[in-house]
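Residues per chain, in single letters:
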Amino acid sequence: MRPLHPALSAVALTLACGPARHEPPPPAPVPPAAQPSAPRPAVPKPNVDPAAKDRPRITVPPTGVAADSSALRSDSVTRVAPPQVAYAHGWMALGSTGVDRFVAAHPSYDGRGVLIAILDTGIDPGIPGLSTTSTGSPKILDLRDFSAEGAVRLNPVTPVGDSVEVARHRLGGFGRVASLNTAGPYYAGTIVEIPLGEPPAADLNANGKVADTLPVVVTRAPDGWVLFADTDGDGSLAGERPVHDYLTGRETFAWGPRGRTPRVNVAVNLSERAGRPELDLFFDSGGHGSHVSGIAAGHDLYGVTGFNGVAPGAQLLGLKIANSAQGSITTTGSMLRAMDYAIRFAQSRHLPLVLNMSFGVGNEREGGARIDALVDSVLGQHPDVVFTISAGNDGPGLSTLGFPGSAEAALTAGATLPASFLSPSGQGAAPADQLAYFSARGGETAKPDLVTPGVAYSSVPRWNAGEEVEQGTSMAAPHAAGLAALLVSSLAQEQQPIRASAVKRALMVTAQPTPGASFVDEGTGLPDAERAYRWLKGGHQVSEVRVRALGAGGSTAAVDRTTDSTRTFELLRPASAPPASFSLRSDAPWLSAPARVTLARPRTRVTVRYARGKLGGSGAYVGVVSGWGDDTLAGPAFRLVNTVLVPAPVTVGSRALRAGERVTPGGTLRTLFRADTARPFVLSIETGGRAEQGLAFLHEPGGMPFRDESDRSAGNGPQAAEYEVDARDVVPGAYEAVLVAPPNQALSATIGLTQSPLTLRARREGDSVVARFTNVTAATVEAEVGLHLGGAERDESVAAKGSDTQRIPFVVPGWSRGVVVDITMDPSQWGRFTDFGVSLFDSLGRQLGKKPLKYAFGRLQVELPKGHGDMPVSLGLFPGFADPAGDQSWTLRASIRVYGDTSVALRPAGAPSLSIPAGTSAASTFRLPAEMPWPLGERFVPLGLLVARVDGRSWTRELPLAPGSAER
């Protein structure tokens, strides 16, 4: 979802190529990259990293062996570190949750007899370590595609002699097919590489390009439908072997030169409808699902004995729900259909099931998404199924936990930075696991439930060699799934009933909190396998109580953004449950509740009180009231989680929100402030010393990371992180600023805020632009004003029904160096989707950029090649609904902006300087040129940047200058 920032790259790897040692030397930190914030240009330019990927990525030192084209053309691969070294250094981080000790004490409880379903981008079945379990059984029982990424349309074909033509491809050696079926019928189709994305993942036949169309032939053999492919590219099917559906015989194939190890292993899904075959090709072109699988259940990874995932005895079910070509987005109904398939598959084989989904999309209203309700409904019908889901990577801001991790019944995993990846402190002390800065936080939901290691060296497809180390809550969720599989394995072998709620509670009750973290940061903390097992053995009886925070949208926790002094929660129990009484305990001095509550009805209300006088300055305060029964070792029956936000008010001029405050290693400094519509502001986050460097974050009201690069390096003086927020991008409400210290270094920090003394608005009237500047201060403001033309903008409104792809064609003018697209959707619609892909394509269908929406607002930035000329492109919109029908109506607005390298400054018709008394407005008129400095293109209007310079600082508002437009 976003890369690990260099400022925190003390989470680093020592890459030794010598003999493995059981006590590895401490990892060497990577020097942080100095990235001072540059002044805002007169016209904003796209700021993109074309190499960035959409999930967290850890920066590691080079191994001394550089990957080159020869490595791609041969059987050699270049890994981030040898697997033996990763194993010796503990880069699977099993020690963090006591897995190594648990399996040593209970060797047969290593997940054997349990099925873990991985709902993700797929699993590459050719990776060493994903072939067998610890008992020698097949590791992967089935691979099934629900994303349609590999769907192949089949049509009847008729051979001529010993050859057949498939989409202008002539394949000889058809006798190989006829030997299994002499009479036919025969079917054929193609898979095209271009829509699959970029190499090397989309280069299915490993020829160094992604412009190929690869034909396949399908016929019915005596033992079922089979596929033939020209795997070696010699134009003949002679010598090719038939490939059955993966479930039939776990067969795979791969395109590539004969004798070479394949880079993309492909499984076949073959079914029949109305007597005709239907075909999906299953492959992991994202790499994500394969990496997740190794964490959950890898066994002897890369052939290294003992290099295991969490549950090496468990078997896997690979269910592809994400289309990697469109940014690993899910497709309509894919989550629900995959869940249903996994449950039916496990039931038919009498296998206990753990589901894992390393996926998260930002909540507009936490706990209110349609997929949350579907997940809770499915788990309610199948109380023996454990479902682990990642919390998301939009931390450290509050209310950033994504769906479907906000589903109440799921086991939601946040992430830690495991000790095995951390450098020692300056005193040489051994590090401990630290809460990961990127791990999403709760707010309206009482989540995450716990945290597990969020960095791991794991299995990757051959095409993705070098990316063995990944970071994110995507890595934490399969670790939690493996822990659940260990416990389920123990219950099954001890012939004890399996209840997902008991497994979840065992892990949560026995978890240990990390210093300085609240419940909405980490749930109950870091679990331990042995403690959880012993809790289950204790046979604790726990009343099932659900929680709803009234007045907060039906969520499981409360965020108070007002000055209220009370909050009411509703406790829900089945009507058949007997009365129960609980004592209430608060963990915060400002939070109080009645001493006891008795639940004698299905719904009981409890009111808690906030003593606001006991709260400090601007920031967030988290308190939990827990309900305890007679068996205190069973843990609390319920928790009433409260977060009170205290933002600094809107002010004029500069102020220090936090000054010289100390931040412990790996800790955070958090503050909040209010912003106002049409008033730009500047936020500065600075460390106290030249050797101190941390990572700054800015979150918009509601939790969404700031739309224009949220995370930035924060240092001292000119190295400070500075956010210059244009008035166009300001959202009214409470913003959240956070500074994170490196894992092994304390910081002192100052957070400063300067808000504009003016609001900036404008409208176009004919060939003129009338700008209005309103003084919100208590004194007269002297301002120099101007208007710059630097690009063009086009607005598109889309109204559609269903999940069919929508495309917006347009021409990017030759003078443009970049495209920025803002997608805005009504937040009330957002919860109906599980995903929404946004991609920009050229006229050949190649992707120029992609950025799936993570909230109801998203920004795609694409830098264009120099000298591109007028370029026909299309903006592709890919909606994915939670409900399989996917026939709902939806609307959105797309703002398409193109920018040039230069700008043209316009002076006002009157004086360029304005004297604006307190509480009043002044207007300036700017005359547009008779001819624009550059051709705008069809339906584009000039893009302006309104500027007001006050006391040496420029305040700006970017806006389209459409004729007859309302004031903005």
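Each chain has its residues counted from 1, running along the sequence as written. The predicted origin of the model limits local features to residues at a pLDDT of at least 70 and limits the giving and counting of side-chain atom pairs to 80 or more, whereas totals for whole chains, interfaces and linings rest on all residues. With hydrogens and water stripped out, all remaining heavy atoms of the structure feed into the side-chain values.

Turning to the overall build of the chain, a few remarks are in order. In terms of regular secondary structure, the chain is built from 13 helices and 53 strands. Each radius of gyration is computed over the set of C-alpha atoms, and the globule rule expresses the reference value as 2.2 Å times the number of residues to the power 0.38. Here the C-alpha atoms of the chain give a radius of gyration of 29 Å, agreeing with the 30 Å that 2.2 N^0.38 yields for 968 residues. Its C-alpha atoms put the chain at 90 × 75 × 60 Å along the principal axes. The cut-offs for exposure are 20% and 50% of the maximum accessible area for each residue type, with area from a 1.4 Å probe on protein chains only; residues under the lower value are buried, those over the upper are exposed, and the others partly exposed. Going through the 968 residues of the chain one by one, you find that 60% of them count as buried. Long-range contacts, defined as pairs at least 24 residues apart, comprise 76% of the intrachain contacts of the chain with a sequence gap of at least 6. About 35,500 Å² of surface is accessible on the chain, with carbon and sulfur atoms providing 51% of the total. Side-chain charges of the chain comprise 89 positive and 91 negative groups, with the mean position of each set lying 4 Å from the other. Strands here are runs of E lasting at least two residues and helices are runs of H or I lasting at least four, both read from the DSSP assignment and numbered beginning at the N terminus. Contacts are residue-level and defined by heavy atoms, with any inter-residue pair within 4.5 Å sufficient. In these tables, accessible area is a Shrake-Rupley quantity obtained with a 1.4 Å probe, and a residue counts as shielded only by the protein chains included in the view. Neither His nor the chain ends contribute to the count of charged residues, in which Lys and Arg are positive and Asp and Glu negative. Where a charge lies is defined by one atom per residue type, namely NZ (Lys), CZ (Arg), CG (Asp) and CD (Glu).

Another aspect to go through is unusual backbone geometry. In the segment running from Pro199 into Pro200, the intervening peptide bond is cis, with an omega of 0°. Counting through the fold element by element, Pro200 comes out in the loop between β7 (186–192) and β8 (213–221). Here Lys447 and Pro448 are connected by a cis peptide whose omega angle stands at -5°. Structurally, Pro448 is set in the loop between β19 (434–435) and β20 (450–453).

So, on to the confidence of the model for the chain. pLDDT is defined as a per-residue confidence score from the predictor, taking values between 0 and 100. Across the chain, the average pLDDT comes to 90, with 91% of residues at 70 or higher. Every residue in residues 1–74 scores below 50 in pLDDT, and together they form 188 contacts with partners more than four places removed in sequence or on other chains.

Taken in spatial order, the four strands of this open sheet run β3-β12-β11-β10, and their pairing is antiparallel. Two strands bound the open sheet, and with one partner strand each, they are β3 (151–152) and β10 (252–253). Here a strand pair is declared whenever DSSP counts at least two bridges between the two strands. Sheet analysis places β3 next to strand β12 (residues 276–282), joined by two bridges and oriented antiparallel. Bridged to Ala151 within β12 is Asp280.

Counting 89 residues, the largest nonpolar core has Ile116, Val354, Tyr457, Leu486, Val503 and Leu507 as the members making the most contacts within it. No other element matches the 11 residues that helix α9 (residues 473–493) contributes to this core. For Leu486, the residues in contact, after removing those within four places along its chain, are Val99, Phe102, Val103, Tyr109, Asp110, Gly111, Val310, Ala311 and Ala529. Residue types Ala, Val, Leu, Ile, Met, Phe, Trp, Tyr and Cys, when buried and joined through side-chain atoms within 4.5 Å, form a set referred to as a nonpolar core. By size, the runner-up hydrophobic cluster in this structure holds 70 residues, among which are Leu374, Val838, Leu853 and Met871.

What follows is about the sheet that holds strand β33 (residues 668–675). The antiparallel open sheet is built from four strands, whose spatial order is β33-β38-β35-β36. Since the sheet does not close on itself, it has two edges, and those belong to β33 and β36 (712–714), each with one partner. Averaged over all adjacent pairs, the angle separating strand axes in this sheet is 30°, with direction ignored. The angle between two axes is taken between their N-to-C directions and runs from 0 to 180 degrees, where each axis is a line fitted to C-alpha atoms and a helix contributes only its stretch in contact.

Quick look at the pairing of strand β49 (residues 889–906) now. Pairing between strand β42 (residues 781–801) and β49: 14 bridges, direction antiparallel. Its bridge partner being in β49, Asp795 is matched across the sheet by Ser895. Relative to β49, strand β44 (residues 818–824) runs antiparallel, the two sharing seven bridges. Across the sheet, residue Thr824 finds its bridge partner in β49, namely Arg893.

It is worth spelling out the pattern of salt bridges at this point. Any Lys or Arg side-chain nitrogen found within 4 Å of a carboxyl oxygen on Asp or Glu counts as a salt bridge. Scanning the entire structure with this criterion turns up 47 salt bridges. Residue Glu149 pairs with Lys320 through a salt bridge whose shortest N-O separation is 2.6 Å. Placement of the pair is Glu149 in the loop between β2 (140–145) and β3 and Lys320 in strand β13 (residues 315–320), with a sequence separation of 171 residues. Given the relative accessible area of 0%, Lys320 is considered buried. A single network of salt bridges, built from pairs that share partners, joins Arg728, Asp729, Glu793, Asp822, Arg859, Arg897 and Glu958.

Side-chain rings of Phe, Tyr and Trp (the six-membered ring for Trp) are treated as a pair once their centres are within 6.5 Å; stacked means planes under 30 degrees apart, edge-to-face means over 60, and tilted covers the remaining angles. Evaluated as defined, the whole model comprises 28 aromatic pairs. With 5.6 Å between their ring centres and 10° between their planes, Phe673 and Tyr735 make a pair best called stacked. Of this pair, Phe673 sits in strand β33 while Tyr735 is found in strand β38 (residues 733–740), placing the two residues 62 residues apart along the sequence. According to the relative accessible area criterion, Tyr735 is buried, its value standing at 0%. Taking the centre distance of 5.2 Å and the plane angle of 35° together, the rings of Trp815 and Trp934 count as tilted. Taken together, the positions of Trp815 in the loop between β43 (806–812) and β44 and Trp934 in the loop between β51 (921–927) and β52 (941–950) put the pair 119 residues apart, joining distant regions of the chain. Classification of Trp934 by relative accessible area gives buried; the value is 11%. Put simply, the rings of Tyr87, Trp91, Tyr302, Phe307, Phe421 and Tyr457 touch in pairs and so form one group of aromatic residues. Our definition puts a charge over a ring when NZ of Lys or CZ of Arg is within 6 Å of the ring centre and also within 35 degrees of the ring normal. Sitting over the face of the ring of Phe345, Arg349 holds its NZ or CZ atom 3.6 Å from the ring centroid. The aromatic ring of Trp628 is capped on one face by Arg585, whose charged end is 4.2 Å from the ring centroid.

Within strand β35 (residues 694–699), six of the six residues are buried, which leaves it mostly tucked inside the rest of the structure. With burial as the criterion, each face of β35 is covered, one bearing Gly694, Ala696 and Leu698 and the other bearing Leu695, Phe697 and His699. Across three bridges, the pairing between β35 and β36 is antiparallel. Pairing of Ala696 across the sheet is with Arg712, part of β36. Looking at chain direction, β35 and β38 are connected through five bridges and run antiparallel. When the sheet's bridge partners are listed, Leu695 is paired in β38 with Val740.

Relative to the elements of secondary structure, Arg707 occurs in the loop between β35 and β36. Among the residues examined, Arg707 registers a relative accessible area of 16% and is labelled buried. Setting aside chain neighbours within four positions, we find Arg707 in contact with Glu700, Asp729, Val731, Phe857 and Arg859.

Structurally, the position occupied by Ile808 is in strand β43. Under the relative-accessibility criterion, Ile808 is labelled buried at 7%. Here the alpha-carbon distance between Ile808 and Leu840, two residues 32 residues apart in the chain, equals 9.4 Å. Beyond its immediate stretch of four places on either side in the chain, Ile808 contacts Glu796, Val798, Val873, Ser874, Leu875, Leu877, Ala894 and Ile896.

This part covers the side chain of Asp560. Assignment of secondary structure puts Asp560 in strand β24 (residues 557–560). Accessibility expressed as a relative area gives 1% for Asp560, which makes it buried. Polar contact is the term for a pair of N or O atoms within 3.5 Å; when the atoms are in protein, one must be able to donate a hydrogen and the other to accept it, and sequence-neighboring residues count only if both atoms are side-chain atoms. Separated by 2.3 Å, the side chains of Asp560 and Arg612 make a polar contact. Discounting residues that sit within four places of it in the chain, Asp560 has contacts with Arg567, Tyr610, Arg612, Thr643, Val644 and Leu645.

To continue, consider the packing of α9 against helix α12 (residues 529–537). Between α9 and α12, whose axes approach to 10 Å, the crossing angle comes to 35°. α9 and α12 meet at a crossing whose hand is right-handed. Where α9 abuts α12, its residues Leu483, Leu486, Leu487, Ser490 and Leu491 lie against Ala529, Ala532, Tyr533 and Leu536. Here the term charged refers only to Asp, Glu, Lys and Arg, the term nonpolar to Ala, Val, Leu, Ile, Met, Phe, Trp, Tyr, Cys and Pro, and the term polar to all other amino acids, Gly among them. Broken down by class, the residue content of the contact of α9 with α12 amounts to eight nonpolar, one polar and no charged. If you view the pair so one helix is near and one far, a crossing is left-handed when the near helix is turned anticlockwise from the far one by less than a right angle, and right-handed when it is turned clockwise.

Before going further, it helps to spend a moment on helix α10 (residues 500–509). Counting buried positions along α10 yields eight of 10 residues, so the element is predominantly enclosed. When α10 is considered as a whole, its buried residues turn out to be Ala500, Ala502, Val503, Lys504, Arg505, Ala506, Leu507 and Met508.

Locating Leu672 in the fold gives a position in strand β33. With 361 residues separating them in the primary sequence, Leu672 and Ala311 have C-alpha atoms 42 Å apart. Other than its neighbours up to four places away in sequence, Leu672 contacts Ser618, Gly619, Ala620, Leu645, Val646, Pro647, Ala648, Ala734, Tyr735 and Glu736.

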